[in-house]
Amino acid sequence: MMVWLGYWVFLGVALCALLAPGLLGREGSGWHWLAASLSALGVIQLNLLLELNGAHSDPVWHLHHMALYMVAPLFYLGVKGLLGEVVPAGRAALHLLPGALLGVFSLLEAGNDWQLPGMRFQQLVHVLCFGVGAVYVFLILRRFGQLARPASVVRIEASLLALAVVVGLGVAILALLGGLLDQTVFYQLYGSAITLLLLLAWFLNQQRPQLAETVAEAMAEAVAETVTEASPARRRSLLLNVDVEAMASRLRQVMEDEHLYRRDDLDLAGLAATVGLTSHQLSELLNERLGLGFSRYLKQYRVAEAKELLLSRPALSVLEVGLMVGFSSLSAFYSAFRELEGMAPGKYRQQRRLRPADL
């Protein structure tokens, strides 16, 4: 049993090493915070793996105490970053400072085995870290709750992400019980839960590679829409000091002349930064000027060029056309094309070929 548990925990370490670099390679602070959160999970799993194999490492042990606290606030900062919210360095430091202090206390506690009333130091760390983590999980789930009227596909994807966060909440509950459970059993339980969470994240990434971007964009648009509908005064405040005409012209330039939509990693925050706006400002600009959300706006550019390529370059496969215009997978291309044109891209090419007079 212990051998299989070791393999299971090792899988968690491997998944962290697999997923984190991919997030670091994306533009935007949100992805970098999420990569840091994954790295913290990796440290936790690595420490458990070493303990299971009787290879205790003091540096990893002390880092593990910091990581226990850091996972939740780093993930929370990542969600805020994906929404296009700029978190000042000082505020981010306040979220992470308790974790750094735990690392210091862990070093001071080494060899002392501090005993607090009714609770050992290790038990206190577990209850504190995951109790606070449960609060962050609640805040993240509230962010998902902003999707009051999403499209069906976004509702499904948001539900899947919420499920992943709920698994994280299960880890928090296990930790709160950690003061009552034998430490070895407790480590095995929450270590197994972390691997399950990572496996779910990997599965979602494989099945829907643009899942996080889609949900983040929908959430950002929901926030902007809420602000826009609040009152006329509040609506003007988002673009109060912005040259709207210049921004609209810049937006057309990067999309029509520079073909920025061809980038498969383009998201709301990235496009907003390119034109010099915040995510909320760009979302309001698109909604007010074009009556479109970001996702549909992006799909329209990609599908429009895809239609041209399907007819003008018959040697290209449907997949090649989809990748050329910015879709990251064939399924994403098919979904967007069906949404806008009411048919699959291959059928569109076939029908238009049969009507040369329309070309």
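Residues numbered from 1 in each chain as written. Predicted model: local features only at pLDDT ≥ 70, side-chain atom pairs only at ≥ 80, totals over all residues. Heavy atoms only, no water.

Colleague: Explanation requested: the overall build of the chain in the structure shown.
Modeller: Counting its regular elements, the chain contains 16 helices and two strands. Looking at the 359 residues of the chain, the share that counts as buried comes to 46%. Within the chain, contacts between residues at least 6 apart in sequence are counted, and of these 71% link residues at least 24 apart. (Helix = DSSP H or I, 4+ residues; strand = E, 2+ residues; numbered from the N terminus. Buried < 20%, exposed > 50% of the residue type's maximum accessible area, 1.4 Å probe, protein only. Contact = heavy atoms within 4.5 Å.)

Colleague: I keep staring at helix α10 (residues 244–257) and nothing clicks. Help me out?
Modeller: With 14 residues, α10 extends 19 Å between its outermost C-alpha atoms, agreeing within 8% with the 20 Å of an ideal straight helix rising 1.5 Å per residue. The set of residues buried in α10 consists of Met-247, Ala-248, Leu-251, Val-254 and Met-255. Along the long axis of α10, the arc covered by the buried residues comes to 130°, so they all point the same way. Residues of α10 that are exposed and angled more than 90 degrees away from the buried face: Glu-245 and Asp-257. Among the residues trailing α10, His-259 stands out with phi positive, at a value near 55°. (Expected span 1.5 Å × (residues − 1). Arc of directions from axis to C-beta.)

Colleague: Help me understand helix α2 (residues 29–52) in this model?
Modeller: Structural remark: α-helix, 3.6 residues per turn; residues separated by three or four positions point the same way. Here α2 contains 24 residues, and its C-alpha end-to-end distance of 35 Å stays within 8% of the 34 Å for a straight helix at 1.5 Å per residue. Just beyond α2, the residue with positive phi is Gly-54, at close to 65°.

Colleague: Sorry if this is basic, but what is going on with the nonpolar core here?
Modeller: Core analysis: the largest hydrophobic core is formed by 27 residues, its most contacted members being Leu-23, Leu-38, Leu-41, Ile-44, Cys-129 and Leu-198. Elements with a minimum of two residues in this core: α1 (2–24), α2, α3 (58–82), α4 (89–109), α5 (121–144) and α7 (183–207). Ignoring anything within four residues of it in the chain, the contact list for Leu-23 reads Trp-31, His-32, Leu-34, Ala-35 and Leu-38. (Core = buried A, V, L, I, M, F, W, Y, C linked by side-chain atoms within 4.5 Å.)

Colleague: Can you walk me through the confidence of the model for the chain in this structure?
Modeller: Interpretation of the predicted coordinates at a detailed level should be avoided for regions scoring low in pLDDT. Scored by pLDDT, the chain has a mean of 75; 65% of the residues are at 70 or more. Ignoring residues within four places in sequence, the model shows residues 230–237, a span with pLDDT below 50, making five contacts including any to other chains. (pLDDT = per-residue confidence, 0-100.)

Colleague: Please clarify how the packing of helix α13 (residues 294–312) against helix α15 (residues 330–341) should be interpreted in this entry.
Modeller: Angle between the axes and distance between the axes are the two parameters that describe a pair of packed helices. At a minimum axis separation of 10 Å, α13 and α15 run at an interaxial angle of 95°. By the criterion of interaxial angle, the relationship of α13 to α15 is roughly perpendicular. Between α13 and α15, the contacting residues are Arg-296, Lys-299, Gln-300, Val-303, Ala-306, Lys-307 and Leu-310 on the first element and Phe-333, Ala-336, Phe-337, Glu-339, Leu-340 and Glu-341 on the second. Residues that form the contact of α13 with α15 fall into these classes: seven nonpolar, one polar and five charged. (Axes fitted to C-alpha atoms, helices over the stretch in contact; angles between N-to-C directions. Parallel < 35°, antiparallel > 145°, perpendicular 65-115°, else oblique. Nonpolar A, V, L, I, M, F, W, Y, C, P; charged D, E, K, R; others polar.)

Colleague: What am I meant to see in the environment of Leu-107 here?
Modeller: By the secondary structure assignment, Leu-107 is in helix α4. Residue Leu-107 is classed as exposed on the basis of its relative accessible area, which comes to 53%. As for Leu-107 and Leu-63, which are separated by 44 residues in sequence, their C-alpha atoms are 9.6 Å apart.

Colleague: Teacher, can you tell me more about the packing of aromatic side chains here?
Modeller: For any pair of aromatic rings, the description rests on two quantities: the centre-to-centre distance and the angle between the ring planes. For the structure on display, the rule yields six aromatic pairs. Considering the side-chain rings of Phe-327 and Phe-333, the 5.3 Å spacing of their centres and the 35° angle between planes classify their relative orientation as tilted. The burial state of Phe-327 is the same as that of Phe-333; both residues are buried. Where Phe-337 meets Tyr-348, the ring centres are 5.5 Å apart and the plane angle is 65°; that geometry is what we call edge-to-face. Highlighted residues: Phe-337 in helix α15 and Tyr-348 in helix α16 (residues 345–353), separated in sequence by 11 residues. Assessed through its relative accessible area of 0%, Phe-337 is described here as buried. Taking the relative accessible area as the measure of exposure, Tyr-348 reaches 10% and is therefore buried. (Phe/Tyr/Trp six-rings, centres within 6.5 Å; stacked < 30°, edge-to-face > 60°.)

Colleague: Please explain a nonpolar patch on the surface as it appears in this structure.
Modeller: Taken together, Leu-97, Leu-101, Val-104, Phe-105 and Leu-108 make up a surface patch of nonpolar side chains, about 440 Å² in accessible area. Tracing the chain through its elements places Val-104 in helix α4. (Patch = residues over 30% accessible without salt bridge, like charges linked within 9 Å, V, L, I, M, F, W, Y side chains within 5 Å. Areas by Shrake-Rupley, 256 points an atom, 1.4 Å probe, with all protein chains shown as cover. Salt bridge = Lys/Arg side-chain N within 4 Å of Asp/Glu carboxyl O.)

Colleague: So what exactly am I meant to see when it comes to the pattern of salt bridges here?
Modeller: Side-chain pairs of opposite charge can arise where the charged atoms are in close proximity. A full pass over the atoms with the stated rule returns six salt bridges. Between Arg-263 and Asp-265 there is a salt bridge; the shortest N-O distance is 3.2 Å. Residue class for Arg-263 comes out partly exposed when judged on its relative accessible area of 26%. When the shortest N-O distance is used, the salt bridge between Arg-296 and Glu-339 registers 2.9 Å.

Colleague: Mind showing me how you'd approach the environment of Phe-294 here?
Modeller: Checked against the element boundaries, Phe-294 lands in helix α13. Sequence separation of Phe-294 and Asp-267 is 27 residues, and the distance between their C-alpha atoms is 8.4 Å.

Colleague: Any chance you could explain the packing of α10 against helix α11 (residues 268–275) here in plain terms?
Modeller: Contact geometry for α10 and α11: axes closest at 9 Å, N-to-C directions at 115°. Between α10 and α11 lies a crossing of right-handed hand. Contacts from Met-247, Arg-250, Leu-251, Val-254 and Met-255 of α10 reach α11 at Leu-271, Thr-274 and Val-275. Tallied by class, residues from the contact of α10 with α11 come to six nonpolar, one polar and one charged. (Left-handed = near helix turned anticlockwise from the far one by under 90°.)

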